[in-house]
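Here's the letter readout for the chains.
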Protein chains: 2
Amino acid sequence: MTREARIVELRRNVMKKNDQLARELRERFRARGTFVVNIVSSPGSGKTMLLEKTLHTLSHEMNVAALVGDLATDNDAQRLASSGVPVRQITTGTTCHLEAEMVTSALEEMPTDGIDLLFIENVGNLVCPSSYDLGENFRAVLVSVTEGEDKPLKYPTMFNSADVAVITKMDLAEAVEADIPKLEENIRRIRPDITILHVAARKDVLDEWITFLQGQVSGSPV
Amino acid sequence: MTREARIVELRRNVMKKNDQLARELRERFRARGTFVVNIVSSPGSGKTMLLEKTLHTLSHEMNVAALVGDLATDNDAQRLASSGVPVRQITTGTTCHLEAEMVTSALEEMPTDGIDLLFIENVGNLVCPSSYDLGENFRAVLVSVTEGEDKPLKYPTMFNSADVAVITKMDLAEAVEADIPKLEENIRRIRPDITILHVAARKDVLDEWITFLQGQVSGSPV
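Residues numbered from 1 in each chain as written. Chains lettered and ligands numbered in written order. Predicted model: local features only at pLDDT ≥ 70, side-chain atom pairs only at ≥ 80, totals over all residues. Heavy atoms only, no water.

Undergrad: It is not clear to me how the pattern of salt bridges should be interpreted in this structure. Could you clarify?
TA: When charged atoms on two side chains of opposite charge get close, those side chains can pair. All names here are of chain A. Applying the stated criterion to the full structure yields 34 salt bridges over all chains. Where Arg32 meets Asp113, a salt bridge forms, and the shortest distance between an N and an O atom there is 3.3 Å. In this pair, Arg32 is assigned in helix 1 (residues 3-32) and Asp113 in the loop between helix 4 (100-109) and strand 4 (117-121), connecting sequence segments 81 residues apart. Residue Arg32 is classed as partly exposed on the basis of its relative accessible area, which comes to 39%. (Salt bridge = Lys/Arg side-chain N within 4 Å of Asp/Glu carboxyl O. Helix = DSSP H or I, 4+ residues; strand = E, 2+ residues; numbered from the N terminus. Buried < 20%, exposed > 50% of the residue type's maximum accessible area, 1.4 Å probe, protein only.)

Structure (structure tokens):
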């Protein structure tokens with residue numbers, strides 16, 4: 001076997017193991033009534049800011065918790081802990097994505113019994129996390145208005161694997177002359193049936209996102 | 001050998017091969033008098049915008065060229081081609097970084113004889129490209145003011161492997177309430193001796209960067 005063929009085979013085995021563990025996680029979350037959202041984006045798209053405001057808002061009406069993936073720091077977990085809800089950091093070292101096995105380990109230290117809604121903030125990366133199922137109910141990809149309208153076309157796998165696209169930092173759209181219809185058109189070129197939401201978390205504008213989450217958790221059609 | 005040990009060994013071989021090819025590239029660039037800059041950043045930090053303005057500015061005084069890495073599109077190469085300088089796209093598929101071998105292949109189609117300054121725009125990713133030497137003279141990491149001050153601490157390998165940090169979108173610093181001294185402090189916590197430059201390419205403010213490049217290419221101390 002050539003080196004390339006061996007790498008492909010090993011990678012296939014890693015993915016197979018991840019998919020198996022993700023299935024077990026999904027079964028476990030369903031049995032306990034925990035709805036799970038996997039949040040992915042490039043670094044700096046505003047995952048932590050959105051999550052911070054979301055936890056504050058939703059913690060008054062349901063039991064929420066968060067797992068946060070990062071290469072090297074627990075800054076995000078510390079920021080999110082201020083909301084008073086259970087938060088656990090997963091530090092991945094040099095690995096550019098979360099894997100189902102990391103989520104399984106983290107849950108040993110943070111049981112999710114009684115949790116209605118669990119957020120998993122993935123490592124900031126528009127490539128690697130796309131292939132790793134974490135047992136989530138849906139995957140939300142964030143893209144900020146400052147990143148340019150062509151991001152969906154340049155990172156198609158990530159946008160294609162997401163169920164919801166959240167356009168963030170809408171308050172900056174005018175300052176950066178963002179073409180929002182063009183961005184939405186490019187998102188839909190990759191994934192025609194995707195739900196697109198808009199937020200400006202810094203300005204506390206996140207009602208589209210909150211309403212969507214409430215609908216998902218209560219099982220209402222969106 | 002366990003699966004993990006085999007993956008580590010295969011990865012080591014891939015890196016060893018890349019380092020060997022990068023050494024050959026570096027030797028070749030030196031022999032031809034081509035200065036090479038590897039530009040890395042997360043998606044949306046403004047690599048292409050900066051490069052577009054840089055090529056326009058420098059093409060009046062020296063021979064410049066660019067290689068552009070992307071997963072799936074040649075949008076960036078098309079944007080850069082408007083400058084009239086030689087530009088070549090490298091499409092990486094699902095690979096989240098450029099490798100020395102891809103650069104070697106691209107050079108077969110775009111010879112760099114007579115080129116004074118070659119830019120290599122890496123795939124937008126703050127993790128994967130850090131380990132791959134492309135034979136460059138220096139590596140510039142871009143970080144935009146909209147990304148948050150803690151990025152260097154969260155992606156230390158990338159900032160540690162860079163020689164120059166370019167803070168981009170300075171024109172938005174006030175609107176996003178960016179703490180530039182804090183961002184610079186965090187960059188220097190990871191890499192104390194790094195050169196830090198500031199640009200606002202959209203507003204044609206890139207003199208710090210242009211002066212730095214001119215100094216590098218002419219061999220003057222910076």
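Having seen the structure, we can now continue with the description.
Undergrad: Would you explain the pairing of strand 3 (residues 87-91) of chain A in this entry?
TA: When a strand is regular, its side chains alternate between the sheet's two faces. Residues and elements named next belong to chain A. Across five bridges, strand 2 (residues 64-70) lies against strand 3 in parallel orientation. Note on strand 3: the bridge partner recorded for Leu67 is Arg88. You can see the chain leave strand 2, run along helix 3 (residues 75-81) and come back into strand 3, and the turn it takes is right-handed. (Pairing = 2+ DSSP bridges. Right-handed = clockwise from strand over helix to strand, strands pointing away.)

Undergrad: What should I look at first to understand unusual backbone geometry in this one?
TA: The phi angle of most residues is negative, glycine excepted, and most peptide bonds adopt the trans form. For Lys169 of chain A, which is not a glycine, the phi torsion comes out positive at approximately 60°. With respect to the secondary-structure elements, Lys169 of chain A resides in the loop between strand 6 (164-168) and helix 7 (180-190).

Undergrad: How should the relation of the copies chain B and chain A be read in this particular structure?
TA: Between the two copies of this chain, the relationship is a rotation about some axis together with a displacement along it. The transformation that overlays chain B on chain A combines an axial shift of 0.0 Å with a rotation of 180°, and the residual RMSD is 0.0 Å. The operation mapping one copy onto its partner corresponds to a two-fold rotation axis. (Least-squares fit on C-alpha atoms with pLDDT ≥ 70 in both.)

Undergrad: Looking at this model, I keep getting lost on the sheet that holds strand 6 (residues 164-168) of chain B. Mind explaining?
TA: The strands making up a sheet associate through hydrogen bonds between their backbones, and the pairing can be parallel or antiparallel. Residues and elements named next belong to chain B. Reading across from one edge, 3-2-4-1-5-6-7 is the order of the seven strands in this open sheet, with parallel pairing throughout. Pairing within the sheet leaves two strands with one partner each, and these edge strands are strand 3 (87-91) and strand 7 (195-198). Going across the sheet, the axis of each strand differs from the next one's by a mean of 20°, ignoring polarity. Helix 4 (residues 100-109) rests against strand 2 (64-70), strand 3 and strand 4 (117-121) of the sheet, and its axis sits at about 140° to strand 3. (Axes fitted to C-alpha atoms, helices over the stretch in contact; angles between N-to-C directions. Contact = heavy atoms within 4.5 Å.)

Undergrad: Can you walk me through the nonpolar core in this structure?
TA: Soluble globular proteins: nonpolar side chains tend toward being buried together. By size, the foremost hydrophobic cluster in this structure holds 52 residues, and its most contacted members are Val141, Phe159, Ile167 and Ile187 of chain A together with Val141, Ile167 and Ile187 of chain B. Contributions of two or more residues to this core are made by strand 5 (138-144), helix 6 (156-160), strand 6 and helix 7 of chain A together with strand 5 (138-144), helix 6 (156-160), strand 6 and helix 7 (180-190) of chain B. Not counting the four nearest positions on each side in its chain, Ile167 of chain A is found in contact with Val143, Val145, Ile180, Leu183, Glu184, Ile187, Ile196, Leu197, His198 and Val199 of chain A. (Core = buried A, V, L, I, M, F, W, Y, C linked by side-chain atoms within 4.5 Å.)

Undergrad: Any chance you could explain the state of the cysteines here in plain terms?
TA: Here is the idea: a disulfide is a covalent bond, and it sits between the sulfur atoms of two cysteines. All names here are of chain A. Under the definition given, this model contains two disulfides over all chains. Here Cys96 connects covalently by a disulfide to Cys128, the sulfurs 2.3 Å from one another. Across the disulfide from Cys96 to Cys128, rotation about the S-S bond amounts to roughly -100°, and the bridge is consequently left-handed. Placement of Cys96 in the loop between strand 3 and helix 4 and of Cys128 in the loop between strand 4 and strand 5 is noted, with a sequence separation of 32 residues between them. Of the two residues examined, Cys96 and Cys128, each falls in the buried class. (Disulfide = S-S within 2.5 Å.)

Undergrad: Would you mind showing me how to read helix 2 (residues 47-58) of chain B here?
TA: Each α-helix winds once per 3.6 residues, and so residues spaced three or four apart point in a common direction. Counted at 1.5 Å a residue, the expected span for helix 2 of chain B with its 12 residues is 16 Å, and the 16 Å between its end C-alpha atoms agrees. Of all the residues in helix 2 of chain B, the buried ones are Lys47, Thr48, Leu50, Leu51, Glu52, Thr54, Leu55 and Leu58 of chain B. (Expected span 1.5 Å × (residues − 1).)

Undergrad: Quick question: what am I supposed to make of the interface of chain B and chain A here?
TA: Where interface size is given, it is often the accessible area lost as the parts come together that is meant. Counting residues at the interface gives 39 residues for chain B, matched by 39 residues for chain A. Taken together, the two surfaces of chain B and chain A that pack against each other cover about 3100 Å², and 58% of this comes from carbon and sulfur. Here chain B and chain A share six salt bridges between them. In this structure, the salt-bridge partner of Glu177 of chain B is Arg202 of chain A, at a minimum N-O distance of 3.4 Å. Connecting chain B to chain A are 12 residue pairs in polar contact (both at pLDDT 80 or more). In terms of residue count, helix 1 (residues 3-32) of chain B provides more of the side of chain B that touches chain A than any other element does, seven residues in total. (Buried area = accessible area lost by both parts, 1.4 Å probe. Polar contact = N/O pair within 3.5 Å; in protein donor to acceptor, adjacent residues only side chain to side chain.)

Undergrad: Which parts of the structure should I look at to understand the sheet that holds strand 2 of chain A?
TA: All names here are of chain A. Read from one edge of the open sheet, seven strands run 3-2-4-1-5-6-7, paired in parallel fashion. For this open sheet the edge positions go to strand 3 and strand 7 (195-198), each flanked by a neighbour on one side alone. The average angle at which neighbouring strand axes cross in this sheet is 20°, direction not considered. Strand direction decides the pairing type here: strand 1 (residues 35-41) and strand 4, joined by five bridges, are parallel. By the bridge assignment for strand 4, Asn38 is matched with Ile120. Contacts from helix 2 (residues 47-58) reach strand 1, strand 2, strand 4, strand 5 and strand 6, with the element oriented near 165° to strand 4.

Undergrad: In this structure, what is going on with helix 8 (residues 207-217) of chain A? I would like to understand it.
TA: Residue and element names in this part refer to chain A. Of the positions making up helix 8, those classed as buried are Trp209, Ile210, Phe212, Leu213 and Gly215. Against strand 1, helix 2, strand 4, strand 5, strand 6 and strand 7 lie the buried residues of helix 8. Looking one or two residues past helix 8, Gly219 carries a phi angle of roughly 80°, positive in sign.

Undergrad: Just checking my understanding: could you explain the environment of Pro192 of chain A for this structure?
TA: All names here are of chain A. Within the element layout of this structure, Pro192 appears in the loop between helix 7 and strand 7. Residue Pro192 is classed as exposed on the basis of its relative accessible area, which comes to 61%. For the pair Pro192 and Gln20, spaced 172 residues apart in sequence, the C-alpha separation works out to 28 Å.

Any functional reading would require information beyond the geometric quantities listed.
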